[in-house]
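Here is how the chains run, residue by residue.
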Amino acid sequence: MEIKTLKNIGITLSPTSKINEVDFNNISFGTTFTDHMLVCEFANGEWLQPEITPYAPFMMDPSAKVFHYGQAIFEGMKAYKDEQDDVWLFRPDENYHRFNKSAARLCMPEVPEDIFLGGLKKLLEIEKNWVKKDNGSSLYIRPFMFASGKGVVAAPGQYYKFMIILSPAKAYYSGEVKVLIAEHYSRAANGGIGAAKAAGNYAAQFYPTKLANEKGYQQVIWTDDATHTKLEEAGTMNLFFRINDTLYTAPTSERILDGITRKSLIDLAKRENIKVEVRSVLVDELIEASKNGSLKEIFGAGTAAVVNPIVGFGYKDEYYELPKLDNSFALDLKAKLTNIQYKKAEDTFGWTVKV
């Protein structure tokens with residue numbers, strides 16, 4: 001695909017840049033932001049002219065709907081720089097379509113493609129120097145939208161603000177990751193908003209994750225809300241399980257986010273002649289596979305982490321260690337995917353888009 005240039009956009013450049021103050025080798029994920037941001041207001045039933053302005057705080061009315069009724073959604077994307085200093089996006093159309101699916105589910109206005117993708121392209125052209133080409137470096141992109149109109153009547157808002165902010169990034173997780181299988185708490189329920197990237201989904205998982213952290217685990221593997229027998233997601237990631245030489249991953253549903261990294265890994269695995277089954281994996285099945293030695297790997301997949309191997313899991317006060325492998329599917333697929341993203345390998349799928 002080709003992203004069309006957005007012509008109807010206001011641009012106010014920052015008089016100074018803070019880029020020289022940033023130590024790009026020591027960045028905590030999502031804490032440092034570039035010089036500019038994109039802002040676009042929705043009012044009176046239509047989107048107004050988007051603006052690129054210096055990154056700065058802004059004022060909000062205390063009665064803004066987002067504070068009281070939680071109309072807030074977001075996406076997570078990355079920009080990469082190749083050896084020729086060109087900047088690339090990875091499947092941005094997928095993020096755009098998923099963002100608007102989330103908007104529809106929360107009764108929010110859909111963002112036009114020229115504002116979302118065209119505005120992002122212009123923002124990245126301005127902030128190109130923030131995209132570093134060191135190994136593992138990227139520019140994390142956070143498009144988000146919230147109800148900005150005032151009033152505490154329990155009804156959808158009439159005014160919204162769409163924004164994009166950018167944050168230079170290295171690896172999302174560091175160190176070994178252990179996960180605890182949820183026995184009581186659920187990330188989402190049938191008929192709910194689990195398939196939307198709604199802010200409230202993430203707030204709801206903080207407390208169960210805190211309890212898991214206190215037991216020595218970094219993340220929670222969520223189970224289905226009805227029976228707590230089906231394995232679904234881990235923290236902010238889709239999950240893959242390798243039993244013998246087959247990869248299993250749960251099907252997307254109203255409870256499970258349609259992960260872009262997830263679907264890319266499925267296609268990559270199939271290209272590499274790795275057998276993939278999209279079906280529910282049961283807790284009992286996982287434990288049995290661990291006990292009989294057929295469980296080889298568990299790994300998470302998401303934009304921020306890309307692929308995150310899991311070293312072990314806990315369930316009902318028992319801990320199950322995963323074997324250390326020389327032929328890890330997780331690490332091999334991660335290398336192949338990131339090589340495509342950084343343009344170090346041929347993109348046979350047509351996933352990468354030049355800015």
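Since we're looking at a predicted model, the values are computed, not measured.

It is worth spelling out the side chain of Arg-262 at this point. Assignment of secondary structure puts Arg-262 in helix α5 (residues 260–271). Buried and unpaired, Arg-262 has no salt bridge, with Asp-258 as the nearest side chain of opposite charge at 4.4 Å. Once residues within four sequence positions are removed from consideration, Arg-262 is found in contact with Asn-238, Phe-240, Thr-249, Ala-250, Pro-251, Thr-252, Val-278 and Ala-301.

The end-to-end C-alpha distance of helix α3 (residues 113–126), which contains 14 residues, comes to 19 Å, matching closely the 20 Å that a straight helix rising 1.5 Å per residue would cover. If you check which residues of α3 are buried, you get Ile-115, Phe-116, Leu-117, Gly-118, Gly-119, Leu-120, Lys-121, Leu-123 and Leu-124.

Contact pair α5 / helix α7 (residues 329–341): the axes reach a minimum separation of 10 Å and the direction vectors enclose 110°. Comparing their axes, α7 and α5 come out roughly perpendicular. Here Thr-261, Ser-264, Leu-265, Leu-268, Ala-269 and Arg-271 of α5 lie close against α7, whose contacting residues are Leu-333, Lys-336, Leu-337 and Ile-340. The residue inventory of the contact of α5 with α7, partitioned by class, reads six nonpolar, two polar and two charged.

Another aspect to go through is the nonpolar core. Formed by 42 residues in total, the largest nonpolar core has its most connected members in Ile-141, Met-145 and Phe-162. Elements that contribute at least two residues to this core include exactly β2 (36–43), β6 (77–81), β7 (87–90), α2 (92–105), α3, β8 (138–147) and β9 (160–169). The biggest single contributor to this core is α3, with six residues. When sequence neighbours within four positions are dropped, the list of residues in contact with Met-145 reads Trp-47, Gln-71, Ala-72, Ile-73, Phe-99, Ala-103, Met-108, Pro-109, Val-111, Tyr-160, Lys-161 and Phe-162.

This next bit is on unusual backbone geometry. If you check the backbone angles, Arg-91 has positive phi at about 50° while not being a glycine. Note that Arg-91 resides in the loop between β7 and α2. Residue classification places Arg-91 among the buried residues on the basis of a relative accessible area of 10%. Located in the positive-phi region is Lys-316, a residue other than glycine, with phi close to 50°. As for its placement among the helices and strands, Lys-316 is situated in the loop between β19 (312–315) and β20 (318–321). For Lys-316, a relative accessible area of 49% puts it in the partly exposed group.

This part covers the environment of Asn-213. By the secondary structure assignment, Asn-213 is in helix α4 (residues 199–214). Here the alpha-carbon distance between Asn-213 and Gly-312, two residues 99 residues apart in the chain, equals 14 Å. Here the side chain of Asn-213 touches Tyr-217 through a polar contact of 2.7 Å, landing on its backbone oxygen.

Our next topic: the environment of Asn-8. The residue Asn-8 is located in the segment before β1 (10–11) in this model. We classify Asn-8 as partly exposed; its relative accessible area is 48%. Spatially, the C-alpha atoms of Asn-8 and Gln-49 are 6.7 Å apart, while their sequence positions differ by 41 residues. The residues contacting Asn-8, other than those within four sequence positions of it, are Gln-49 and Pro-50. Side chain to side chain, Asn-8 and Gln-49 meet in a polar contact 2.8 Å long.

Side-chain pairing between opposite charges can occur once the charged atoms of the two side chains come close. The tally for this structure, following the rule as stated, stands at 20 salt bridges. Ionic pairing is found between Glu-75 and Arg-98, a salt bridge with its closest N-O pair at 2.8 Å. Highlighted residues: Glu-75 in the loop between β5 (72–74) and β6 and Arg-98 in helix α2, separated in sequence by 23 residues. Exposure remark for Glu-75: the relative accessible area of 0% places this residue in the buried category. One salt bridge in this structure joins Lys-263 and Glu-94, with 3.1 Å as the shortest N-O distance. With Lys-263 in helix α5 and Glu-94 in helix α2, this pair connects stretches of sequence that are 169 residues apart.

Moving on, we come to the pairing of β2. The buried fraction of β2 is high, at seven of eight residues. When β2 meets strand β4 (residues 51–54), the two strands line up antiparallel, connected through four bridges. Across the sheet, residue Met-37 finds its bridge partner in β4, namely Thr-53. Both β2 and β9 contribute to a ladder of five bridges, which runs antiparallel. Bridge pairing links Glu-41 to Lys-161 in β9.

So, how was this worked out
Residues numbered from 1 in each chain as written. Predicted model: local features only at pLDDT ≥ 70, side-chain atom pairs only at ≥ 80, totals over all residues. Heavy atoms only, no water. Helix = DSSP H or I, 4+ residues; strand = E, 2+ residues; numbered from the N terminus. Buried < 20%, exposed > 50% of the residue type's maximum accessible area, 1.4 Å probe, protein only. Lys, Arg positive; Asp, Glu negative; His and termini not counted. Salt bridge = Lys/Arg side-chain N within 4 Å of Asp/Glu carboxyl O. Contact = heavy atoms within 4.5 Å. Expected span 1.5 Å × (residues − 1). Axes fitted to C-alpha atoms, helices over the stretch in contact; angles between N-to-C directions. Parallel < 35°, antiparallel > 145°, perpendicular 65-115°, else oblique. Nonpolar A, V, L, I, M, F, W, Y, C, P; charged D, E, K, R; others polar. Core = buried A, V, L, I, M, F, W, Y, C linked by side-chain atoms within 4.5 Å. Polar contact = N/O pair within 3.5 Å; in protein donor to acceptor, adjacent residues only side chain to side chain. Pairing = 2+ DSSP bridges.

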